[in-house]
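Here are the chains, one letter per residue:
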Amino acid sequence: MKKGLLCAVGMAAIPTMALADGDFGTKAEAKELADAMIAIVESEGIEAAIMAMHDATQPFVGSRMGVNLFQGSTVIADNREPETIAADYSETEDLTGSLVWPIIAAAAAVEGDAELKWYHYDTQEEYDYKCHSKRHDRGNATVMVCR
């Protein structure tokens, strides 16, 4: 297993009062980003969503949370770690040894949180990520926003 493959998150100085939900943001912030990405998929298509991931006018570039866009179980855009693009998460395990795609897909089906144990982006210590996940049929798209 490679460090950094599962969920990338950015570094930023964050007030500790905003950390009640995770080191990188709140559930509401993650849901807002997921909704924004899926809205692009729905209205403009998956190619536009890929472009939006790195568009400075969109909220994804500056987010301290990791935003991952999948087509099926394969990463097609990532706001923090482009080396994860083309990774097939149906073959990726978290630190517990569990395959992550069934966890992500189940969470996306109910627009909920996938809970994944992975390496903390800043410290490389084990960290329990909560990744708000949402799916759309157009383009077989799933977005996962980790906090």
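Computed from a predicted model, the values in this text were never measured in an experiment. (Residues numbered from 1 in each chain as written. Predicted model: local features only at pLDDT ≥ 70, side-chain atom pairs only at ≥ 80, totals over all residues. Heavy atoms only, no water.)

Chemist: Can you walk me through the pairing of strand β2 (residues 74-78) in this structure?
Modeler: If a strand is regular, its side chains alternate between the two faces of the sheet. Counting buried residues in β2 gives 4 out of 5 residues, a clear majority hidden from the surface. Relative to β2, strand β1 (residues 66-71) runs antiparallel, the two being bridged by 4 bridges. Each residue of the ladder has a partner; that of Gln71, found in β2, is Thr74. Counted between consecutive antiparallel strands, the loop separating β1 from β2 contains 2 residues, among which Gly72 sits at a positive phi close to 65 degrees. (Buried < 20%, exposed > 50% of the residue type's maximum accessible area, 1.4 Å probe, protein only. Helix = DSSP H or I, 4+ residues; strand = E, 2+ residues; numbered from the N terminus. Pairing = 2+ DSSP bridges.)

Chemist: Please clarify how the nonpolar core should be interpreted in this entry.
Modeler: As a rule of thumb, nonpolar side chains are buried together in soluble globular proteins. Counting 38 residues, the largest nonpolar core has Phe60, Leu69, Tyr89, Ile104, Val143, Met144 and Val145 as the members making the most contacts within it. Contributions of two or more residues to this core are made by α1 (27-44), α2 (46-52), β1, β2, α3 (100-109), β3 (113-119), β4 (126-136) and β5 (141-146). At 7 residues, α1 tops the list of elements feeding residues into this core. (Core = buried A, V, L, I, M, F, W, Y, C linked by side-chain atoms within 4.5 Å.)

Chemist: Is there a simple way to think about the pattern of salt bridges in this case?
Modeler: Taken as a whole, this structure holds 7 salt bridges when the rule is applied. For Lys134, the salt bridge is made with Asp35, and the minimal N-O distance between the two is 2.7 Å. One end of the pair, Lys134, is in strand β4; the other, Asp35, is in helix α1, with 99 residues separating them in the sequence. Given the relative accessible area of 14%, Lys134 is considered buried. We classify Asp35 as partly exposed; its relative accessible area is 24%. One salt bridge connects Asp137 with Arg135, and the closest N-O pair in it is separated by 3.5 Å. Here Asp137 falls in the exposed class, since its relative accessible area comes to 66%. If you follow the salt bridges from partner to partner, you end up with Lys31, Asp35, Glu111 and Lys134 in one network. (Salt bridge = Lys/Arg side-chain N within 4 Å of Asp/Glu carboxyl O.)

Limitation: the analysis is restricted to geometry and does not speak to function.
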